[in-house]
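Here is how the chains run, residue by residue.
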Amino acid sequence: MVIGGGSAGLTAARFAARLGKRVAIVEANRLGGDCTWTGCVPSKALLRAARAAHDIQTAHLFGIEASEPRTRWPAVMARIRSVIDEIYTAESPQALEAEGIHTFLAPATFVDPHSVIAGDELIQGERFLLATGARPSIPSIPGLDQTNYLTYESIWGLEHLPGKLLIIGGGPIGCELAQAFQRLGSHVTILEATNRLLGNAEPEVSDLISRVLATEGVDVRLGANIDSVGARNGQSIVQAGSQEWTADTLLVATGRVANMATLGLENAGVASSTRGIQVDGSLRTSKKHIYAAGDCTGGPQFTHYAGWQGFMATRNALLPGKARGLLDNVPWGVFTEPEVAHVGLAEATARELHGDSVQVSMWPLESSDRAAIDSGEAGFIKAVTTKKGRLLGVTIVGARAGEMVHEWTVAISHGAKLKDLALAPHIYPTYSMSTQQMAAEAAVTGLLTGFSGKVVRALSRFKA
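Just so you know, these numbers come straight off a predicted model, no measurement behind them. (Residues numbered from 1 in each chain as written. Predicted model: local features only at pLDDT ≥ 70, side-chain atom pairs only at ≥ 80, totals over all residues. Heavy atoms only, no water.)

Caption draft 1: Up close: the packing of helix α1 (residues 7-18) against helix α9 (residues 303-318). The geometry of α1 relative to α9 is characterised by a closest axis approach of 7 Å and an angle of 35° between their N-to-C directions. Crossing of α1 against α9: the hand is right-handed. Every residue of α9 that contacts α1 at Ser 7, Ala 8, Thr 11, Ala 12, Phe 15 and Ala 16 is listed here: Thr 303, Ala 306, Gly 307, Gly 310, Phe 311, Thr 314, Arg 315 and Leu 318. The class makeup of the residues in the contact of α1 with α9 is seven nonpolar, six polar and one charged. (Axes fitted to C-alpha atoms, helices over the stretch in contact; angles between N-to-C directions. Helix = DSSP H or I, 4+ residues; strand = E, 2+ residues; numbered from the N terminus. Left-handed = near helix turned anticlockwise from the far one by under 90°. Contact = heavy atoms within 4.5 Å. Nonpolar A, V, L, I, M, F, W, Y, C, P; charged D, E, K, R; others polar.)

Caption draft 2: Geometry of the packing of aromatic side chains. Throughout the structure, instances matching the rule amount to five aromatic pairs. Judged by centre distance (5.3 Å) and plane angle (55°), the ring pair of Phe 110 and Phe 128 falls under tilted. In this pair, Phe 110 is assigned in strand β4 (residues 108-112) and Phe 128 in strand β7 (residues 128-130), connecting sequence segments 18 residues apart. Judged by its relative accessible area of 1%, Phe 110 falls in the buried class. (Phe/Tyr/Trp six-rings, centres within 6.5 Å; stacked < 30°, edge-to-face > 60°. Buried < 20%, exposed > 50% of the residue type's maximum accessible area, 1.4 Å probe, protein only.)

Caption draft 3: Structural detail: the sheet that holds strand β10 (residues 187-192). Spatially, the four strands line up as an open sheet ordered β11-β10-β9-β15, and their pairing is parallel. Bordering the open sheet on either side are β11 (219-222) and β15 (249-252), each of which pairs with just one other strand. Direction aside, the axes of adjacent strands within the sheet are offset by 15° on average. Bridge count between strand β9 (residues 164-168) and β10: five bridges; the pairing is parallel. Bridging from a neighbouring strand, Leu 165 pairs with Val 188 of β10. (Pairing = 2+ DSSP bridges.)

Caption draft 4: Representation of empty space enclosed by the protein within the structure. Within the structure shown, the criterion is met by one cavity of 30 Å³ or more. The volume enclosed by the largest cavity comes to roughly 40 Å³. Lining the largest cavity are Ser 367, Ser 368, Asp 369, Arg 370, Tyr 428, Pro 429, Thr 430, Met 433, Ser 434 and Gln 437. Going through the elements one at a time, α11 (369-374) and α13 (433-447) are the ones with two or more residues in the lining of the largest cavity. Split by residue class, the lining of the largest cavity holds three nonpolar, five polar and two charged. (1 Å grid on protein atoms, 1.4 Å probe; cavity = no way out; pocket = protein on both sides within 12 Å on 5 of 7 lines; lining within 4 Å. Points joined across faces, edges and corners; volume = space filled by probe spheres on them.)

Caption draft 5: Expanded view of a positive patch on the surface. Together, Arg 48, Arg 51, Arg 79 and Arg 400 line one region of the surface with positive charge. Among the structural elements, Arg 48 can be located in helix α3 (residues 40-57). With relative accessibility at 39%, the residue Arg 48 sits in the partly exposed group. (Patch = residues over 30% accessible without salt bridge, like charges linked within 9 Å, V, L, I, M, F, W, Y side chains within 5 Å. Areas by Shrake-Rupley, 256 points an atom, 1.4 Å probe, with all protein chains shown as cover. Salt bridge = Lys/Arg side-chain N within 4 Å of Asp/Glu carboxyl O. Lys, Arg positive; Asp, Glu negative; His and termini not counted. Charge placed at Lys NZ, Arg CZ, Asp CG, Glu CD.)

Caption draft 6: Highlighting the sheet that holds strand β13 (residues 235-240). With antiparallel pairing, the three strands of this open sheet are ordered in space as β12-β13-β14. Every interior strand has two partners, whereas the edge strands, β12 (228-232) and β14 (243-247), have only one. Here the average twist between neighbouring strands, direction ignored, is 25°. Direction of pairing for β12 relative to β13: antiparallel, over a ladder of five bridges. Across the sheet, Ser 228 pairs through a bridge with Gln 239, a residue of β13.

Caption draft 7: Inspection of the pattern of salt bridges at higher detail. This structure, assessed with the given rule, holds 15 salt bridges. Across the pair Lys 44 and Glu 176 runs a salt bridge whose closest N-O atoms are separated by 2.8 Å. Taken together, the residues span a long stretch of sequence, with Lys 44 in helix α3 and Glu 176 in helix α6 (residues 172-184) at a distance of 132 residues. For Glu 176, a relative accessible area of 6% puts it in the buried group. Arg 183 is the partner of Glu 216 in a salt bridge, and the nearest nitrogen-oxygen pair spans 2.8 Å. You can see Glu 216 sitting in the loop between α7 (203-215) and β11 and its partner Arg 183 sitting in helix α6, a full 33 residues away along the chain. On the accessibility criterion, Arg 183 (7% relative accessible area) is buried. Here the salt bridges share partners, and the residues they tie into one network are Glu 202, Glu 204, Glu 347, Arg 351 and Lys 382.

Caption draft 8: Expanded view of α9. Between its first and last C-alpha, α9 extends 23 Å over 16 residues, near the 22 Å set by a 1.5 Å rise per residue. Of all the residues in α9, the buried ones are Tyr 305, Ala 306, Gly 307, Gln 309, Gly 310, Met 312, Ala 313, Thr 314, Arg 315, Asn 316 and Ala 317. Taken together, the buried residues of α9 touch α1, β7 and β17 (290-292). (Expected span 1.5 Å × (residues − 1).)

Caption draft 9: Just the nonpolar core, in detail. Of all hydrophobic cores here, the largest spans 44 residues; its most connected members are Leu 46, Phe 181 and Leu 198. Listing elements by their share of this core, those giving two or more residues are α3, α4 (73-88), β9, α6, β10, α7 and β18 (332-334). Once residues lying within four places of it in the same chain are set aside, the contact partners of Leu 46 are Trp 73, Val 76, Ile 80, Trp 156, Leu 177, Ala 180, Phe 181 and Leu 184. Listed in part, the 24 residues of the second largest apolar core include Trp 363, Leu 391, Val 405 and Leu 418. (Core = buried A, V, L, I, M, F, W, Y, C linked by side-chain atoms within 4.5 Å.)

Caption draft 10: Focus on the layout of surface pockets. Counted as a void, the second largest pocket has a volume near 810 Å³. Every residue lining the second largest pocket is counted, 28 residues in all, and those nearest its centre are Arg 51, His 54, Asp 55, Arg 183 and Glu 337. Elements with a minimum of two residues in the lining of the second largest pocket: α3, α6 and α7. Per-element tally for the lining of the second largest pocket: the top contributor is α3, with seven residues. Class assignment of the residues belonging to the lining of the second largest pocket gives a composition of nine nonpolar, seven polar and twelve charged.

Okay, here's the thing in C-alpha coordinates:
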(Lines give C-alpha, C1' and ligand atoms only; values in the text may rest on other atoms or scores of the structure.)
Protein backbone atom coordinates (compact mmCIF):
# COMPACT_ATOMS: atom_id res chain seq x y z
CA MET A 1 0.00 0.00 0.00
CA VAL A 2 1.28 3.41 -1.02
CA ILE A 3 -0.05 6.42 0.90
CA GLY A 4 0.39 9.56 -1.20
CA GLY A 5 0.00 9.97 -4.95
CA GLY A 6 2.77 12.39 -5.85
CA SER A 7 6.10 11.69 -7.54
CA ALA A 8 7.37 9.22 -4.90
CA GLY A 9 4.06 7.42 -4.55
CA LEU A 10 3.34 7.06 -8.24
CA THR A 11 6.84 5.77 -8.99
CA ALA A 12 6.61 3.30 -6.13
CA ALA A 13 3.16 2.00 -7.03
CA ARG A 14 4.08 1.47 -10.67
CA PHE A 15 7.31 -0.34 -9.85
CA ALA A 16 5.54 -2.60 -7.36
CA ALA A 17 2.85 -3.40 -9.92
CA ARG A 18 5.52 -4.32 -12.50
CA LEU A 19 6.98 -6.70 -9.93
CA GLY A 20 3.62 -8.47 -9.94
CA LYS A 21 2.50 -7.29 -6.51
CA ARG A 22 -1.06 -6.41 -5.56
CA VAL A 23 -0.87 -2.65 -5.11
CA ALA A 24 -3.15 0.04 -3.71
CA ILE A 25 -2.47 3.76 -3.67
CA VAL A 26 -4.32 6.10 -1.31
CA GLU A 27 -4.35 9.84 -2.04
CA ALA A 28 -6.10 12.48 0.05
CA ASN A 29 -6.58 14.99 -2.77
CA ARG A 30 -5.57 14.49 -6.39
CA LEU A 31 -3.16 12.01 -7.93
CA GLY A 32 -0.09 13.80 -9.23
CA GLY A 33 0.65 15.67 -6.02
CA ASP A 34 2.10 19.14 -5.65
CA CYS A 35 4.25 18.87 -8.76
CA THR A 36 1.40 18.34 -11.18
CA TRP A 37 -1.21 20.61 -9.63
CA THR A 38 0.47 23.44 -7.69
CA GLY A 39 4.23 23.17 -8.10
CA CYS A 40 6.56 22.27 -10.95
CA VAL A 41 4.06 22.01 -13.78
CA PRO A 42 1.97 25.18 -13.33
CA SER A 43 4.90 27.32 -12.20
CA LYS A 44 7.05 26.37 -15.19
CA ALA A 45 4.09 26.84 -17.53
CA LEU A 46 3.65 30.31 -16.05
CA LEU A 47 7.36 31.02 -16.45
CA ARG A 48 7.10 29.97 -20.10
CA ALA A 49 4.30 32.47 -20.67
CA ALA A 50 6.36 35.13 -18.91
CA ARG A 51 9.35 34.36 -21.12
CA ALA A 52 7.19 34.83 -24.20
CA ALA A 53 6.24 38.28 -22.92
CA HIS A 54 9.89 39.07 -22.15
CA ASP A 55 10.95 37.93 -25.63
CA ILE A 56 8.56 40.47 -27.13
CA GLN A 57 9.84 43.19 -24.80
CA THR A 58 13.44 42.49 -25.83
CA ALA A 59 12.83 41.75 -29.52
CA HIS A 60 14.57 45.00 -30.46
CA LEU A 61 17.89 43.38 -29.49
CA PHE A 62 17.52 41.17 -32.56
CA GLY A 63 16.37 43.89 -34.95
CA ILE A 64 12.67 43.10 -34.50
CA GLU A 65 10.13 45.84 -33.83
CA ALA A 66 7.30 44.66 -31.57
CA SER A 67 4.58 46.38 -29.62
CA GLU A 68 4.34 46.11 -25.84
CA PRO A 69 2.82 42.73 -24.91
CA ARG A 70 -0.57 42.65 -23.24
CA THR A 71 -1.28 39.79 -20.85
CA ARG A 72 -4.65 38.08 -21.17
CA TRP A 73 -4.72 36.41 -17.77
CA PRO A 74 -7.67 34.05 -18.40
CA ALA A 75 -5.89 32.74 -21.51
CA VAL A 76 -2.63 32.30 -19.58
CA MET A 77 -4.44 30.30 -16.91
CA ALA A 78 -6.32 28.29 -19.52
CA ARG A 79 -3.04 27.16 -21.08
CA ILE A 80 -1.60 26.28 -17.67
CA ARG A 81 -4.68 24.16 -16.93
CA SER A 82 -4.39 22.46 -20.31
CA VAL A 83 -0.77 21.51 -19.58
CA ILE A 84 -1.79 20.13 -16.19
CA ASP A 85 -4.62 18.13 -17.78
CA GLU A 86 -2.28 16.68 -20.40
CA ILE A 87 0.22 15.50 -17.78
CA TYR A 88 -2.51 14.28 -15.43
CA THR A 89 -3.86 11.94 -18.10
CA ALA A 90 -1.00 9.53 -17.35
CA GLU A 91 -1.55 9.84 -13.58
CA SER A 92 -5.34 9.56 -13.32
CA PRO A 93 -7.12 6.77 -11.42
CA GLN A 94 -8.18 5.31 -14.75
CA ALA A 95 -4.57 5.17 -15.95
CA LEU A 96 -3.43 3.50 -12.73
CA GLU A 97 -6.30 1.03 -12.71
CA ALA A 98 -5.26 0.02 -16.24
CA GLU A 99 -1.84 -0.79 -14.80
CA GLY A 100 -3.39 -2.94 -12.08
CA ILE A 101 -3.12 -0.37 -9.28
CA HIS A 102 -6.18 0.09 -7.05
CA THR A 103 -6.79 3.73 -6.15
CA PHE A 104 -8.56 5.23 -3.15
CA LEU A 105 -9.15 8.99 -3.09
CA ALA A 106 -9.48 9.78 0.60
CA PRO A 107 -7.23 10.75 3.54
CA ALA A 108 -5.55 7.72 5.11
CA THR A 109 -5.14 7.18 8.85
CA PHE A 110 -3.48 4.20 10.50
CA VAL A 111 -5.60 2.27 13.01
CA ASP A 112 -2.84 -0.32 13.60
CA PRO A 113 0.49 -1.17 11.95
CA HIS A 114 -1.19 -3.08 9.09
CA SER A 115 -4.49 -1.23 8.63
CA VAL A 116 -5.62 2.21 7.52
CA ILE A 117 -8.98 3.88 7.20
CA ALA A 118 -9.45 5.75 3.93
CA GLY A 119 -12.87 7.36 3.74
CA ASP A 120 -15.35 4.56 4.45
CA GLU A 121 -12.82 1.82 3.65
CA LEU A 122 -10.74 -0.23 6.06
CA ILE A 123 -7.73 -1.35 4.02
CA GLN A 124 -5.06 -3.79 5.15
CA GLY A 125 -1.58 -4.13 3.72
CA GLU A 126 1.50 -6.31 4.12
CA ARG A 127 3.99 -3.54 3.36
CA PHE A 128 3.55 0.23 3.26
CA LEU A 129 5.23 3.22 1.66
CA LEU A 130 4.47 6.65 3.11
CA ALA A 131 4.85 9.36 0.45
CA THR A 132 2.59 12.15 1.68
CA GLY A 133 4.75 15.05 0.53
CA ALA A 134 4.79 18.50 2.08
CA ARG A 135 2.64 21.60 2.35
CA PRO A 136 3.36 25.35 2.62
CA SER A 137 5.09 26.42 5.82
CA ILE A 138 3.37 29.51 7.23
CA PRO A 139 5.43 31.78 9.50
CA SER A 140 4.13 33.08 12.81
CA ILE A 141 3.65 36.73 11.86
CA PRO A 142 1.18 38.77 13.92
CA GLY A 143 -1.99 39.37 11.92
CA LEU A 144 -1.19 36.93 9.13
CA ASP A 145 -3.83 34.42 10.20
CA GLN A 146 -6.46 37.18 9.97
CA THR A 147 -5.37 38.41 6.54
CA ASN A 148 -6.11 37.04 3.09
CA TYR A 149 -2.95 35.60 1.61
CA LEU A 150 -1.97 33.09 -1.06
CA THR A 151 0.56 30.26 -1.14
CA TYR A 152 2.02 28.31 -4.05
CA GLU A 153 -1.03 26.04 -3.66
CA SER A 154 -3.74 28.69 -3.87
CA ILE A 155 -2.19 31.22 -6.27
CA TRP A 156 -3.43 29.19 -9.24
CA GLY A 157 -6.96 30.22 -8.40
CA LEU A 158 -6.28 33.90 -9.17
CA GLU A 159 -8.95 35.27 -11.49
CA HIS A 160 -7.05 38.46 -12.35
CA LEU A 161 -3.43 39.39 -12.83
CA PRO A 162 -2.36 41.21 -9.64
CA GLY A 163 -1.68 44.90 -10.02
CA LYS A 164 0.70 44.87 -7.05
CA LEU A 165 2.03 41.56 -5.78
CA LEU A 166 3.87 41.38 -2.47
CA ILE A 167 5.88 38.20 -1.85
CA ILE A 168 7.13 37.20 1.59
CA GLY A 169 10.13 34.96 1.03
CA GLY A 170 13.05 35.09 -1.41
CA GLY A 171 13.65 31.39 -1.95
CA PRO A 172 13.15 29.46 -5.20
CA ILE A 173 9.36 29.78 -5.19
CA GLY A 174 9.44 33.47 -4.38
CA CYS A 175 12.08 34.29 -7.00
CA GLU A 176 10.48 32.27 -9.79
CA LEU A 177 7.01 33.70 -9.25
CA ALA A 178 8.36 37.23 -8.76
CA GLN A 179 10.04 37.20 -12.16
CA ALA A 180 7.05 35.58 -13.85
CA PHE A 181 4.45 38.03 -12.56
CA GLN A 182 6.70 41.05 -13.11
CA ARG A 183 7.22 40.07 -16.74
CA LEU A 184 3.49 39.55 -17.20
CA GLY A 185 2.68 43.05 -15.96
CA SER A 186 2.39 43.00 -12.15
CA HIS A 187 4.42 45.30 -9.92
CA VAL A 188 6.24 42.86 -7.64
CA THR A 189 8.02 43.34 -4.32
CA ILE A 190 9.99 40.59 -2.55
CA LEU A 191 10.49 40.85 1.20
CA GLU A 192 13.30 38.56 2.36
CA ALA A 193 14.30 38.43 6.04
CA THR A 194 17.92 37.44 5.41
CA ASN A 195 20.59 39.44 3.64
CA ARG A 196 20.27 37.63 0.29
CA LEU A 197 17.92 35.81 -2.04
CA LEU A 198 18.23 32.05 -2.57
CA GLY A 199 19.99 31.55 0.73
CA ASN A 200 20.96 27.94 -0.02
CA ALA A 201 22.82 28.94 -3.18
CA GLU A 202 26.32 30.35 -3.57
CA PRO A 203 26.61 34.07 -2.71
CA GLU A 204 27.51 34.86 -6.33
CA VAL A 205 24.16 33.35 -7.37
CA SER A 206 22.26 35.51 -4.91
CA ASP A 207 23.98 38.65 -6.17
CA LEU A 208 23.32 37.89 -9.83
CA ILE A 209 19.66 36.91 -9.42
CA SER A 210 19.01 39.97 -7.23
CA ARG A 211 20.51 42.19 -9.91
CA VAL A 212 18.54 40.56 -12.71
CA LEU A 213 15.23 40.82 -10.84
CA ALA A 214 15.90 44.44 -9.93
CA THR A 215 16.82 45.26 -13.53
CA GLU A 216 13.50 43.81 -14.67
CA GLY A 217 11.62 45.99 -12.16
CA VAL A 218 11.17 43.76 -9.11
CA ASP A 219 11.57 45.66 -5.86
CA VAL A 220 13.91 43.40 -3.85
CA ARG A 221 14.01 44.19 -0.12
CA LEU A 222 16.56 42.24 1.91
CA GLY A 223 16.79 42.16 5.70
CA ALA A 224 13.05 42.79 5.88
CA ASN A 225 12.07 41.37 9.27
CA ILE A 226 8.29 41.59 9.19
CA ASP A 227 6.58 42.82 12.35
CA SER A 228 2.95 42.48 11.34
CA VAL A 229 0.52 41.88 8.51
CA GLY A 230 -2.91 43.43 8.15
CA ALA A 231 -5.43 44.83 5.70
CA ARG A 232 -6.80 48.26 4.86
CA ASN A 233 -9.30 49.25 2.17
CA GLY A 234 -8.99 45.88 0.47
CA GLN A 235 -5.19 46.07 0.42
CA SER A 236 -2.73 43.86 2.28
CA ILE A 237 -0.43 45.83 4.59
CA VAL A 238 2.98 44.53 5.66
CA GLN A 239 4.95 46.35 8.34
CA ALA A 240 8.70 45.87 8.87
CA GLY A 241 10.24 48.36 11.25
CA SER A 242 9.45 51.87 10.04
CA GLN A 243 8.61 50.68 6.52
CA GLU A 244 5.21 49.72 5.21
CA TRP A 245 4.24 47.97 1.97
CA THR A 246 0.79 47.62 0.44
CA ALA A 247 -0.44 45.32 -2.30
CA ASP A 248 -3.69 43.93 -3.65
CA THR A 249 -2.24 40.39 -3.53
CA LEU A 250 -0.05 38.85 -0.83
CA LEU A 251 1.90 35.64 -1.46
CA VAL A 252 3.60 33.75 1.37
CA ALA A 253 6.53 31.70 0.03
CA THR A 254 8.51 30.72 3.11
CA GLY A 255 9.21 27.06 2.49
CA ARG A 256 7.42 23.77 3.01
CA VAL A 257 6.83 21.36 5.89
CA ALA A 258 6.25 17.60 5.89
CA ASN A 259 2.68 16.29 5.62
CA MET A 260 2.12 13.72 8.37
CA ALA A 261 -0.23 15.22 10.97
CA THR A 262 -3.31 13.14 10.06
CA LEU A 263 -1.57 9.83 9.32
CA GLY A 264 -1.98 8.45 12.84
CA LEU A 265 1.67 7.43 12.91
CA GLU A 266 1.44 6.69 16.61
CA ASN A 267 -1.10 3.94 15.87
CA ALA A 268 1.39 2.31 13.51
CA GLY A 269 4.38 2.78 15.80
CA VAL A 270 6.20 4.96 13.28
CA ALA A 271 8.63 7.51 14.72
CA SER A 272 8.70 11.09 13.48
CA SER A 273 10.15 14.47 14.40
CA THR A 274 9.34 18.07 13.61
CA ARG A 275 11.32 17.61 10.35
CA GLY A 276 9.37 14.61 9.12
CA ILE A 277 9.02 10.84 9.21
CA GLN A 278 12.25 9.24 10.45
CA VAL A 279 13.93 6.76 8.11
CA ASP A 280 17.21 4.89 7.97
CA GLY A 281 19.58 4.75 5.02
CA SER A 282 17.34 2.29 3.19
CA LEU A 283 14.23 4.49 3.78
CA ARG A 284 12.78 2.08 6.35
CA THR A 285 10.90 3.65 9.27
CA SER A 286 10.95 2.43 12.86
CA LYS A 287 8.50 -0.30 11.72
CA LYS A 288 10.30 -2.81 9.51
CA HIS A 289 7.38 -3.23 7.08
CA ILE A 290 6.79 0.51 6.63
CA TYR A 291 8.97 2.71 4.44
CA ALA A 292 8.83 6.43 3.64
CA ALA A 293 10.11 8.47 0.69
CA GLY A 294 10.11 12.00 -0.64
CA ASP A 295 9.32 15.30 1.04
CA CYS A 296 7.60 13.77 4.07
CA THR A 297 10.97 12.46 5.32
CA GLY A 298 12.33 15.97 5.83
CA GLY A 299 15.17 15.62 3.30
CA PRO A 300 15.76 17.62 0.11
CA GLN A 301 12.38 18.55 -1.37
CA PHE A 302 12.64 17.92 -5.09
CA THR A 303 10.28 16.02 -7.37
CA HIS A 304 13.10 14.09 -9.04
CA TYR A 305 14.58 13.05 -5.69
CA ALA A 306 11.18 11.97 -4.40
CA GLY A 307 10.64 9.79 -7.47
CA TRP A 308 14.10 8.27 -7.11
CA GLN A 309 13.46 7.54 -3.44
CA GLY A 310 10.05 6.04 -4.22
CA PHE A 311 11.76 3.54 -6.52
CA MET A 312 14.52 2.75 -4.01
CA ALA A 313 12.11 2.32 -1.10
CA THR A 314 9.99 -0.07 -3.13
CA ARG A 315 13.05 -2.01 -4.21
CA ASN A 316 14.13 -2.34 -0.57
CA ALA A 317 10.65 -3.32 0.63
CA LEU A 318 10.02 -5.99 -1.99
CA LEU A 319 13.39 -7.36 -3.15
CA PRO A 320 16.30 -9.04 -1.35
CA GLY A 321 19.17 -6.93 -0.10
CA LYS A 322 19.26 -3.22 0.58
CA ALA A 323 20.06 -0.31 -1.72
CA ARG A 324 21.01 3.14 -0.52
CA GLY A 325 18.00 5.43 -0.33
CA LEU A 326 19.73 8.68 0.61
CA LEU A 327 22.06 10.70 -1.61
CA ASP A 328 24.75 13.20 -0.68
CA ASN A 329 24.72 14.84 -4.11
CA VAL A 330 21.19 15.72 -5.18
CA PRO A 331 21.04 18.13 -8.14
CA TRP A 332 18.59 20.99 -7.93
CA GLY A 333 17.53 23.94 -10.02
CA VAL A 334 15.77 27.28 -9.88
CA PHE A 335 13.99 28.19 -13.10
CA THR A 336 14.42 31.91 -13.10
CA GLU A 337 16.01 33.44 -16.17
CA PRO A 338 18.92 32.88 -16.04
CA GLU A 339 18.43 29.44 -14.56
CA VAL A 340 20.35 28.25 -11.50
CA ALA A 341 21.53 24.65 -11.12
CA HIS A 342 23.69 23.04 -8.47
CA VAL A 343 24.99 19.64 -7.40
CA GLY A 344 27.45 18.60 -4.72
CA LEU A 345 29.12 20.83 -2.15
CA ALA A 346 28.97 24.60 -2.06
CA GLU A 347 32.29 26.36 -1.54
CA ALA A 348 31.71 27.17 2.15
CA THR A 349 30.71 23.60 3.00
CA ALA A 350 33.63 22.19 1.03
CA ARG A 351 36.07 24.38 2.97
CA GLU A 352 34.53 23.26 6.26
CA LEU A 353 35.07 19.63 5.28
CA HIS A 354 38.34 19.80 3.33
CA GLY A 355 40.04 22.98 4.54
CA ASP A 356 42.84 24.40 2.43
CA SER A 357 42.74 21.52 -0.05
CA VAL A 358 39.76 23.16 -1.78
CA GLN A 359 40.15 25.00 -5.06
CA VAL A 360 37.52 27.10 -6.85
CA SER A 361 37.39 27.63 -10.59
CA MET A 362 35.13 30.23 -12.21
CA TRP A 363 34.20 30.29 -15.88
CA PRO A 364 32.23 33.30 -17.15
CA LEU A 365 29.60 32.37 -19.69
CA GLU A 366 30.26 35.66 -21.47
CA SER A 367 32.93 33.61 -23.23
CA SER A 368 30.28 31.26 -24.59
CA ASP A 369 29.52 31.89 -28.26
CA ARG A 370 25.98 30.61 -27.70
CA ALA A 371 25.41 33.24 -25.00
CA ALA A 372 26.56 35.93 -27.43
CA ILE A 373 24.21 34.56 -30.10
CA ASP A 374 21.23 34.59 -27.73
CA SER A 375 22.02 37.99 -26.13
CA GLY A 376 20.82 36.68 -22.79
CA GLU A 377 22.08 37.12 -19.25
CA ALA A 378 25.31 35.14 -19.45
CA GLY A 379 26.08 33.91 -15.93
CA PHE A 380 28.91 31.58 -14.90
CA ILE A 381 30.06 28.10 -13.94
CA LYS A 382 31.62 27.71 -10.50
CA ALA A 383 33.39 24.42 -9.86
CA VAL A 384 34.66 23.37 -6.44
CA THR A 385 37.43 20.76 -6.46
CA THR A 386 40.23 19.33 -4.36
CA LYS A 387 43.76 20.48 -5.17
CA LYS A 388 44.14 17.31 -7.23
CA GLY A 389 41.12 18.30 -9.28
CA ARG A 390 38.49 15.87 -7.96
CA LEU A 391 35.07 17.46 -8.34
CA LEU A 392 33.23 18.28 -5.13
CA GLY A 393 30.46 20.54 -6.42
CA VAL A 394 29.34 22.84 -9.17
CA THR A 395 26.98 25.75 -9.58
CA ILE A 396 25.80 26.93 -13.00
CA VAL A 397 23.93 30.15 -13.64
CA GLY A 398 22.81 30.72 -17.19
CA ALA A 399 20.44 29.62 -19.91
CA ARG A 400 19.88 25.84 -19.91
CA ALA A 401 21.68 25.47 -16.55
CA GLY A 402 19.18 22.82 -15.54
CA GLU A 403 20.16 20.78 -18.60
CA MET A 404 23.90 21.43 -18.27
CA VAL A 405 24.21 20.22 -14.68
CA HIS A 406 23.52 16.57 -15.42
CA GLU A 407 26.94 15.66 -16.81
CA TRP A 408 28.44 17.30 -13.72
CA THR A 409 26.15 15.17 -11.56
CA VAL A 410 27.41 12.00 -13.22
CA ALA A 411 31.01 13.18 -12.94
CA ILE A 412 30.74 13.97 -9.23
CA SER A 413 28.92 10.70 -8.54
CA HIS A 414 31.80 8.77 -10.11
CA GLY A 415 34.62 10.70 -8.44
CA ALA A 416 35.79 12.31 -11.67
CA LYS A 417 38.20 15.19 -11.97
CA LEU A 418 37.44 18.51 -13.62
CA LYS A 419 39.87 17.79 -16.45
CA ASP A 420 37.98 14.57 -17.30
CA LEU A 421 35.11 16.64 -18.70
CA ALA A 422 37.44 17.93 -21.41
CA LEU A 423 37.93 14.49 -22.97
CA ALA A 424 34.52 14.17 -24.64
CA PRO A 425 33.75 16.59 -27.51
CA HIS A 426 30.75 18.86 -26.87
CA ILE A 427 28.52 20.15 -29.64
CA TYR A 428 29.16 23.69 -30.87
CA PRO A 429 27.52 26.14 -30.39
CA THR A 430 25.88 25.03 -27.15
CA TYR A 431 25.97 26.30 -23.62
CA SER A 432 27.44 22.93 -22.58
CA MET A 433 30.48 23.76 -24.72
CA SER A 434 31.47 26.02 -21.82
CA THR A 435 31.83 22.92 -19.64
CA GLN A 436 34.40 21.48 -22.02
CA GLN A 437 36.19 24.82 -22.33
CA MET A 438 36.42 25.19 -18.56
CA ALA A 439 37.64 21.62 -18.13
CA ALA A 440 40.16 21.99 -20.96
CA GLU A 441 41.58 25.13 -19.38
CA ALA A 442 42.00 23.26 -16.10
CA ALA A 443 43.65 20.33 -17.88
CA VAL A 444 46.08 22.50 -19.86
CA THR A 445 46.95 24.66 -16.85
CA GLY A 446 47.66 21.57 -14.77
CA LEU A 447 49.77 20.08 -17.53
CA LEU A 448 51.90 23.18 -18.04
CA THR A 449 52.38 24.15 -14.39
CA GLY A 450 55.40 23.29 -12.29
CA PHE A 451 57.79 20.42 -13.04
CA SER A 452 55.36 18.70 -15.42
CA GLY A 453 55.19 21.90 -17.44
CA LYS A 454 58.96 21.96 -17.84
CA VAL A 455 58.96 18.34 -18.96
CA VAL A 456 56.16 18.88 -21.46
CA ARG A 457 57.83 21.93 -22.98
CA ALA A 458 61.13 20.03 -23.25
CA LEU A 459 59.39 17.14 -24.95
CA SER A 460 57.71 19.49 -27.38
CA ARG A 461 61.10 20.88 -28.41
CA PHE A 462 62.43 17.37 -28.83
CA LYS A 463 59.49 16.44 -31.03
CA ALA A 464 60.10 19.49 -33.18
